[in-house]
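Here's the letter readout for the chains.
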Amino acid sequence: MPASPSTARAINDRLALRLLQQDGPLTATQLKNLTGLSRPTVADLVERLQEAGLVHVVGESGSQRRGPNARLYGIVADRAYLAALDVRTDGVAVAVADLLGVTRAEASLPVEEGTKTRPAVERAVAMVERAARGAGAASLHSVAVGAPGLIDPVSGELRDTAGLPAWHRELVKELQRRLPATVVVENETNLAAVAEHRAGAALGRDTFALFWLGHGVGAAVMLDGVLRRGASGGAGEIGFLPVPGTSGIPSALHCDGGFHSLVGSVAVRELAAGHGIATGGSAGQGGTGGGAEREQDPAAAFAVRAALADGSGRGEAFLSALADRVALGAASVVAVLDPGCVVLAGEVGRAGGEVLAALVEERLARLSPLPTEVRAGTLGGGAVLRGAVLAARDAAQDALFAPAL
C-alpha cells in the first residue's frame, strides 16, 4: 500500500538527515539530487527540520549564485551530546561528543587493583559528569560503554564474569540510574570492529573477523555489515579456543591452555624474551588515557616494535613464531566463517603492522584453502573508545531522526 502523507514525510525527513550526517553540509539542490525528491518536497522537509531544531543554515555554496538556493544546511551538532566509555580492568576513559560524533571533551581515571567497588563507581561517574560539563552539555542523550566480558543479548546487561572487577557491572547500573540518558553496553572487541569498519583497516569490507591482540585476546565477527554476537553474547571468545602448542586445555572458568595462552600479553612477552627481544615497561602500566593510544600492556607491544627494529635476525625469528601462533587461531575462524579478511587489532596487532599481517596471511594460505586477506588494524588501543562514540551517536540519531508517525 502507498505510504500515507505523514509516513512519506517522516521517511523523507530521515533520509535527508542521514545524507546530511554522512555527506553534509548540503544545499537544497544537492539534497534534491541525492534523494530524487521534487524541489517543493525538499523545501518543505528542510523547513520542518529547521523548526524541529535538527538542521540549520551553516553557510553558502560558492559554486552557486547567492540566494536561497545557495544556502548550506547542516545538522545542529549540539542538538544532543553523547558519551563513550572504554572500561578496562585498571581504569576508565571517557569521551564526550556532539551529535556528529566530534569529540568535545576527554578524561581518564586509573582504578588501582583492590579499590572497593563503591569508591571506584563514584569516581568514574563523577568523571563522566565533569567531562559532560566541560563539553558544554547540560545533559547527555546517549551513553555507550565498551567493556570486557559477555553482554546478555536479551537484557543488554554486562554479565558477572570471573576475573573481571565487580565495579564494572556496578558502574553500568549506576550510569543507568543517575543519568537521564540511554545507556548502551557492548563488548569492547565488538566496538573495536565497528571503529575499524567505519574508519580503519576494515573500511570497505562488510564481512570480516577482527582479532584483538593486547592484554587480553578476543575476536569480533561482522557479516554483511552486521555484528554477530551469538546466542549468549559470547561470539568471538577465542581466548578459550583449544589449540595445539599449549600445556593443557581451557575450562569453562579459565582460558589457560586455550588460544590466550599462545598470544595473550604474557605469552608474547615470554616468547620475546626467549628470542632475546627486550620487552621494556611492565604489564598493566600502560595508563588509561583517552587519546588515540590507550595501551593496557605496552610491554608486549614494545617487544613487537623492538623485533621490527632488530637487525640481528632475532626479531625476524620472534615475529615468525608469533605469526605461527596467531595463524592457528585465525585458521579455525576462517574454516568456520570464511570471512575473507582478518584484521589484527589491539596494541600488539597495530605494533606488528603490515609485517606481522603479511606473515600471518602467508601462514593462513598454508593452513586453509580459503583465500583470506590479513590487514593490520590502524586504530590501536583507541579503537574501543572510537567505536563507543559511534555506537552512542547511532543511538542518539536513531532516536532523534526516528519518523514521528
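Residues numbered from 1 in each chain as written. Predicted model: local features only at pLDDT ≥ 70, side-chain atom pairs only at ≥ 80, totals over all residues. Heavy atoms only, no water.

### What to know about unusual backbone geometry
Residues apart from glycine generally show negative phi values, whereas peptide bonds are mostly found in trans.
Reasoning step 1: Residues other than glycine seldom take positive phi values, yet aspartate 224 does so here, at roughly 55 degrees.
Reasoning step 2: The exposed category is assigned to aspartate 224, whose relative accessible area is 62%.
Reasoning step 3: Look at aspartate 338: it is not a glycine, yet its phi comes out positive at around 50 degrees.
Reasoning step 4: Secondary-structure assignment places aspartate 338 in the loop between α10 (314-337) and β12 (341-345). (Buried < 20%, exposed > 50% of the residue type's maximum accessible area, 1.4 Å probe, protein only. Helix = DSSP H or I, 4+ residues; strand = E, 2+ residues; numbered from the N terminus.)

### Some words on the environment of alanine 345
Reasoning step 1: Summarising the element assignment, alanine 345 is placed in strand β12.
Reasoning step 2: In sequence terms alanine 345 and valine 389 are 44 residues apart; their C-alpha atoms lie 18 Å from each other.

### So, the pairing of strand β5 (residues 91-98)
Reasoning step 1: For β5, the tally of buried residues reaches eight of eight residues, placing the bulk of the element in the interior.
Reasoning step 2: Of the two faces of β5, the one lined by Gly91, Ala93, Ala95 and Ala97 and the one lined by Val92, Val94, Val96 and Asp98 are each fully buried.
Reasoning step 3: In the sheet, strand β4 (residues 81-88) pairs with β5 via eight bridges, with the strands oriented antiparallel. By the bridge assignment, alanine 84 is partnered in β5 with alanine 95. (Pairing = 2+ DSSP bridges.)

### So, the environment of aspartate 90
Reasoning step 1: For aspartate 90, the position within the fold is in the loop between β4 and β5.
Reasoning step 2: Linking aspartate 90 and glutamate 113, residues 23 residues apart in sequence, is a C-alpha distance of 6.8 Å.

### Things to note about the nonpolar core
Note on soluble globular proteins: their nonpolar side chains tend to be buried together.
Reasoning step 1: Within the largest apolar cluster, 50 residues are counted, with the highest numbers of intra-cluster contacts made by Leu31, Phe208, Leu210 and Val343.
Reasoning step 2: A per-element tally of this core places helix α12 (residues 383-400) first, with nine residues.
Reasoning step 3: Excluding residues within four positions of it along the chain, valine 343 makes contact with Ala201, Ala202, Phe208, Ala209, Leu210, Phe211, Arg375, Ala376 and Gly377.
Reasoning step 4: With 41 residues, the next largest nonpolar core counts Leu213, Leu319, Ala351 and Leu359 among its residues. (Core = buried A, V, L, I, M, F, W, Y, C linked by side-chain atoms within 4.5 Å. Contact = heavy atoms within 4.5 Å.)

### Focus on the sheet that holds β12
Reasoning step 1: One open sheet accounts for five strands, arranged β11-β10-β9-β12-β13; its pairing is mixed. Across the chains shown, the open sheet's two edge strands, defined by having one partner strand only, are β11 (226-227) and β13 (373-376).
Reasoning step 2: With four bridges connecting them, β12 and β13 associate as parallel partners. Pairing of leucine 344 across the sheet is with alanine 376, part of β13.

### Quick notes on helix α3 (residues 39-51)
Reasoning step 1: Here α3 contains 13 residues, and its C-alpha end-to-end distance of 19 Å stays within 8% of the 18 Å for a straight helix at 1.5 Å per residue.
Reasoning step 2: Within the sequence span of α3, burial applies to Val42, Leu45, Val46 and Leu49. For α3, the angular spread of the buried residues around the axis is 105 degrees, confining them to a single face. Opposite the buried face of α3, at more than 90 degrees from it, the exposed residues are Pro40 and Glu51.
Reasoning step 3: Check the buried side of α3 and you find it contacts α1 (5-23), α2 (28-35), β2 (55-60) and β3 (71-75).
Reasoning step 4: Glycine 53, located one to two residues past α3, shows a positive phi value of around 75 degrees. (Expected span 1.5 Å × (residues − 1). Arc of directions from axis to C-beta.)

### Details of the sheet that holds strand β1 (residues 26-27)
Reasoning step 1: A sheet is described by the order of its strands in space; here three strands give the open sequence β1-β3-β2, paired in antiparallel fashion. Every other strand in the sheet has two partners, leaving β1 and β2 as the edge strands with one partner each.
Reasoning step 2: Bridge count for β1 against β3 is two bridges, and the pairing is antiparallel. Paired with leucine 26 across the two strands is tyrosine 73, which belongs to β3.
Reasoning step 3: Along the sheet, α1 makes contact with β1, β2 and β3, crossing β3 at roughly 95 degrees. (Axes fitted to C-alpha atoms, helices over the stretch in contact; angles between N-to-C directions.)

### Regarding the confidence of the model for the protein chain
Reasoning step 1: When pLDDT is averaged across the protein chain, the result is 88; 92% of the residues are at 70 or more.
Reasoning step 2: This stretch, residues 282-294, has a pLDDT under 50; its non-local contacts, to residues over four places away or in other chains, come to 50 contacts. (pLDDT = per-residue confidence, 0-100.)

### Let's talk about the side chain of serine 368
Reasoning step 1: Mapping serine 368 onto the fold places it in the loop between α11 (346-367) and β13.
Reasoning step 2: A distance of 3.1 Å separates a polar atom in the side chain of serine 368 from the backbone nitrogen of leucine 370. (Polar contact = N/O pair within 3.5 Å; in protein donor to acceptor, adjacent residues only side chain to side chain.)

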